[in-house]
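Given next are the chains, with one letter for each unit.
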Amino acid sequence: EMKVNNTRALRIEPGTTANLIGGYSGNSVAPGMVGAFIGGGGTAGFPNSVNNAWGAIAGGLGNTIWLNDSFIGGGIGNSVSGDRSVISGGRDNNIQTNTSNSAIGGGRNNIIQAGARGAHIGGGEFNIASTNHATVAGGTNNQALANYAAIGGGNGNVVNGDSGTVAGGERNIAGDWGTGVGGVANPAAYSATVV
C-alpha cells in the first residue's frame, strides 16, 4: 500500500496476476479475484468496485463491475453485470446480467437488458436495448426491443420487430423489417417503409 497524508491511495494485491487499486481507500476488488484494475476515483458512500476477474474501472464514482473482462471508463453510478462489456461513462447506466459483448457510450439511465448479446446504446437518456445486436444511437426514451433493431435518435421511438429501423422523430414504431425515417407517431409494419 502507498499512502498520502496517512490515507491509502494505491494498493497492489498479490495473486497469479496482481490487482491494482487506486483512488479512494474504500475502492475494492472482491476477494480471490485476479487481474482487476481501479485507476482512481471513488469517495465515501460511492466507492468503485470490481467483483470478478479482469475487470477495470478507470475512475469516476460509485461504479461497479460484476462479471469478467468488463470495463467502465468513469462517470457516476454505472454498473456492468455482463461479460466482456463496456460503459464508457455517463451516469446510472446499466448493462444487466447474462449479457455479453455489449456497450453503452455514455448518457444517463440507459439500459441494456438481461440476456442481450452485442447490443449498443451510444448515449442519450432512458434508452433501452433489450435483445441481440439491438442498437440505439441516442435520443430519449427509445426502445430497441427486437434482434438487430436500430434507432438513430429522437424521442419515444420503438422497434419491436426483428431488423426494424427508426431513424428518428417522435413516437414512431417499426415492426419486422419495417423502416421509419422520422416524423411523429408513424407505424412501419412488416417490411413497410414510412418516409
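Residues numbered from 1 in each chain as written. Predicted model: local features only at pLDDT ≥ 70, side-chain atom pairs only at ≥ 80, totals over all residues. Heavy atoms only, no water.

A. Expanded view of the side chain of Asn132. Mapped onto the fold, Asn132 is located in the loop between β16 (128-129) and β17 (135-136). Those residues in contact with Asn132, other than ones at most four positions away along the chain, are Gly115, Ala116, Arg117, Ala146, Asn147 and Tyr148. (Helix = DSSP H or I, 4+ residues; strand = E, 2+ residues; numbered from the N terminus. Contact = heavy atoms within 4.5 Å.)

B. Examining the sheet that holds strand β6 (residues 49-50) more closely. Strands sit in the order β4-β6-β8-β10-β12-β14-β16-β18-β20-β22-β24 across an open sheet of 11 strands; the sheet is parallel. The sheet is open, and its two edges are formed by β4 (28-29) and β24 (187-188), each paired on a single side. Relative to β6, β4 runs parallel, the two being bridged by two bridges. When the bridges of β6 are listed, Ser28 appears paired with Ser49. (Pairing = 2+ DSSP bridges.)

C. Geometry of the pairing of strand β2 (residues 7-13). In terms of strand pairing, strand β1 (residues 2-4) meets β2 through three bridges, oriented antiparallel. By the bridge assignment, Val4 is partnered in β2 with Thr7. In sequence, β1 turns back onto β2 through a hairpin of two residues, with Asn5 there showing a positive phi of about 50°. As paired elements, β2 and strand β3 (residues 19-22) share four bridges and run antiparallel to each other. Across the sheet, the residue bridging to Arg11 is Ile21, located in β3. In this structure, the hairpin formed by β2 and β3 is closed by a connection of five residues.

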